[in-house]
Amino acid sequence: MSAPNPEGTPHELKPELSNCKKKEKKSKWPEQEARIRALTRAGHGALLAGQHQEALTNFQRAFVLASKAPRKSDSPVLRACAFNLGAAYVETGDPARGLELLLRAQPEQKAQGRGHGDQCFNVALAYHALGDLPQALAWYHRALGHYQPLGDRGQAQANMGACYQALGRPALAARCLQEASRAHAQAGRPRAAALALGDAAGCMLQSPQHGVGEVVRALEKSWRLAERSPEQGLLGHHYNDLGLSYAQLQLFPLAAEAFLQALPLCPGPGEEATVLRNLGMAHNALGNYRQARDFHQRAADLHGSVGQRWEQGRSFGSLAFALSQLGDHEAARDNYLHALQAAQDAGDTKGQWQACEGLGAAAARLGQHHQAVKYYKEALARCQKEPNSVRERLVAKLADAMRTHLARGGLAPLLSLTSAVGRPQVAGGACPAGTPARVGRGPAELQHRCSGGWEDHEVTEAEGSLKAPETSWLLQRLGRE
């Protein structure tokens, strides 16, 4: 869709136009102005109803009419129409075109008030969407200079936090998000306040300037704010996020409680499966393997019902670990096989070597040491891009399985170890025969936050260490607001 181009529209008066016709054109302006106002109201109504294309059409028509006004080109009506159309372009995913119109609509430097703050805010949104974060921050600061009510300041502060987070400055991001939370809370918006403070806690976890106690206090306050919100049905993502933060702090009882709070608020089976898998992870970490088994089984079933094969494979792997801890090694082996097949179907290389590692451990537990050797070799062959520590762990397990196999009369040559990994055997570090595979307790997937679903976060259940992927804060907030 092309933007209206008032400079190219044939609205200029010809020199020979008579004074009579000029007066006639001016006399029609009140009618045109009323039409512009009607189109503008219709555009705002369509935006509120989520009908973005209809809103864009109305704002375009209003802009074209305003550009034909018998006044100077920078009239207040034309600037207002440029602002509305520019904001609509940003909202509908065309920030470059929107920015051009928004800049055209800018008021004089000394202007004050909420309307001027909104103009600056929308310019900032356009720069933010275009990835020009320094310019976005500058315009958010200008918007804050115009806003007086704290409620207006909340979203600007939250978006500034998103910019600082994307720029790799989590301490500044946390500060902005805390200020956003205070502004929303004082404006009577507990849900927005809870979301901002939860995001602030996430930034604190990435910053060495914040201690564990400060993070925990922020999470507790965010939870209390969420409980005050009448919009409980929209807070499933938030409670899941709180659980992830508690898991990162290895506070697994609180993580499990937050995940349970999120469970009935899930909007669909895919999200429900995610929370069930997170609950299973938390209970695995707590040693509650029967509960973990039940949660992972339900998660695997739900992921399969909606065609989430990648996620289903990871659920099978975590389920297999819980079963191995309960002593049911045959069922563990079967679920590692399911995990391997799902990982192959989904092209999940990491899931494949993890499943093979688990199969090696299950085989060792069942006394099938030749199978353990086979699966550890497969795991090594599939983990070429993993860190050396992963390969060294697998080498040690393979060496241990081979020694046990030979001691019991097996014929597998020790030389196959070097050929399998392409490096000499690592001295020491071999696990006792039958030690469960790390993959079973290992990277179970935690998910949360994104505009179409809940993004993956990994936690190694044995160590409780969470690795957060790089994500777009802007998309997260748009996905939840």
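Residues numbered from 1 in each chain as written. Predicted model: local features only at pLDDT ≥ 70, side-chain atom pairs only at ≥ 80, totals over all residues. Heavy atoms only, no water.

1. Section: the packing of aromatic side chains
Considering all chains together, one arrives at four aromatic pairs under this definition. Relative to Tyr140, the ring of Phe121 has its centre 5.7 Å away and its plane inclined at 55°; by these criteria the two rings are tilted. With Phe121 in helix α5 (residues 114-130) and Tyr140 in helix α6 (residues 133-146), this residue pair connects regions lying 19 residues apart in the sequence. Take Phe121: its relative accessible area is 13%, and that puts it in the buried class. Taken together, the ring pairs connect Trp223, Tyr239 and Tyr246 into an aromatic cluster. (Phe/Tyr/Trp six-rings, centres within 6.5 Å; stacked < 30°, edge-to-face > 60°. Helix = DSSP H or I, 4+ residues; strand = E, 2+ residues; numbered from the N terminus. Buried < 20%, exposed > 50% of the residue type's maximum accessible area, 1.4 Å probe, protein only.)

2. A word on unusual backbone geometry
Of note, Gln250 is a non-glycine position whose phi angle comes to about 60°, a positive value. In this structure, Gln250 sits in the loop between α11 (236-248) and α12 (252-262).

3. Comments concerning the packing of helix α14 (residues 289-305) against helix α15 (residues 309-325)
Relative orientation of the contacting elements α14 and α15 amounts to 160°, with a least axis distance of 8 Å. Between α14 and α15, the angle is such that the two are roughly antiparallel. Considering how the two elements wind past one another, α14 and α15 form a crossing that is left-handed. Two secondary-structure elements touch here, α14 through Tyr289, Ala292, Arg293, His296, Gln297, Ala299, Ala300, His303 and Gly304 and α15 through Glu311, Gln312, Ser315, Phe316, Ser318, Leu319, Phe321, Ala322, Leu323 and Gln325. For the contact of α14 with α15, a count of residues per class yields nine nonpolar, eight polar and two charged. (Axes fitted to C-alpha atoms, helices over the stretch in contact; angles between N-to-C directions. Parallel < 35°, antiparallel > 145°, perpendicular 65-115°, else oblique. Left-handed = near helix turned anticlockwise from the far one by under 90°. Contact = heavy atoms within 4.5 Å. Nonpolar A, V, L, I, M, F, W, Y, C, P; charged D, E, K, R; others polar.)

4. Section: the confidence of the model for the protein
Confidence in the prediction of the protein, expressed as mean pLDDT, is 80, and 76% of residues score 70 or more. Contacts from residues 1-18, a stretch scored under 50 in pLDDT, to residues over four places away or in other chains number 26 contacts. Contacts for the low-pLDDT stretch residues 412-481, under 50 throughout, to residues beyond four places or in other chains number 193 contacts. (pLDDT = per-residue confidence, 0-100.)

5. Re the packing of helix α9 (residues 190-205) against helix α10 (residues 212-228)
Contact geometry of α9 with α10 gives a least axis separation of 8 Å together with a crossing angle of 160°. Comparing their axes, α10 and α9 come out roughly antiparallel. For α9 against α10, the interelement crossing comes out left-handed. When α9 is examined against α10, the residues Pro190, Ala193, Ala194, Leu197, Gly198, Ala201, Met204 and Leu205 are found in contact with a partner set consisting of Glu214, Val215, Ala218, Leu219, Lys221, Ser222, Leu225, Ala226 and Arg228. The residue inventory of the contact of α9 with α10, partitioned by class, reads twelve nonpolar, two polar and three charged.

6. Observations concerning the environment of Phe316
Topologically, Phe316 is positioned in helix α15. Sequence separation between Phe316 and Gln297 is 19 residues; the distance between their C-alpha atoms is 7.5 Å. Setting aside residues no more than four positions away along its own chain, Phe316 makes contact with Ala300, Arg309, Asn335, His338 and Ala339.

7. As for the side chain of His303
Examined against the element boundaries, His303 turns out to sit in helix α14. Residue classification places His303 among the buried positions, given a relative accessible area of 0%. Leaving out residues up to four positions away in the same chain, His303 has contacts with Gly270, Ala273, Thr274, Arg277, Gln308, Glu311, Gln312 and Ser315.

8. A look at α14
Taking 1.5 Å of rise per residue, the 17 residues of α14 would be expected to cover 24 Å, and the 24 Å separating its terminal C-alpha atoms lies within 8% of that figure. Among the residues of α14, those classed as buried are Tyr289, Ala292, Phe295, His296, Ala299, Ala300, Leu302 and His303. Looking at the packing, one finds that the buried side of α14 touches α13 (269-286) and α15. Of the residues flanking the end of α14, it is Gly307, one or two places downstream, whose phi is positive at about 75°. (Expected span 1.5 Å × (residues − 1).)

9. Some details on the environment of Glu214
Position of Glu214 relative to the elements: it lies in helix α10. Judged by relative accessible area, Glu214 falls into the partly exposed class, the value being 29%. Sequence spacing of Glu214 and Met204 is ten residues, and the spatial spacing of their C-alpha atoms is 8.3 Å. If we ignore the near neighbours within four places in the chain, the residues touching Glu214 are Gln178, Met204 and Gln209.

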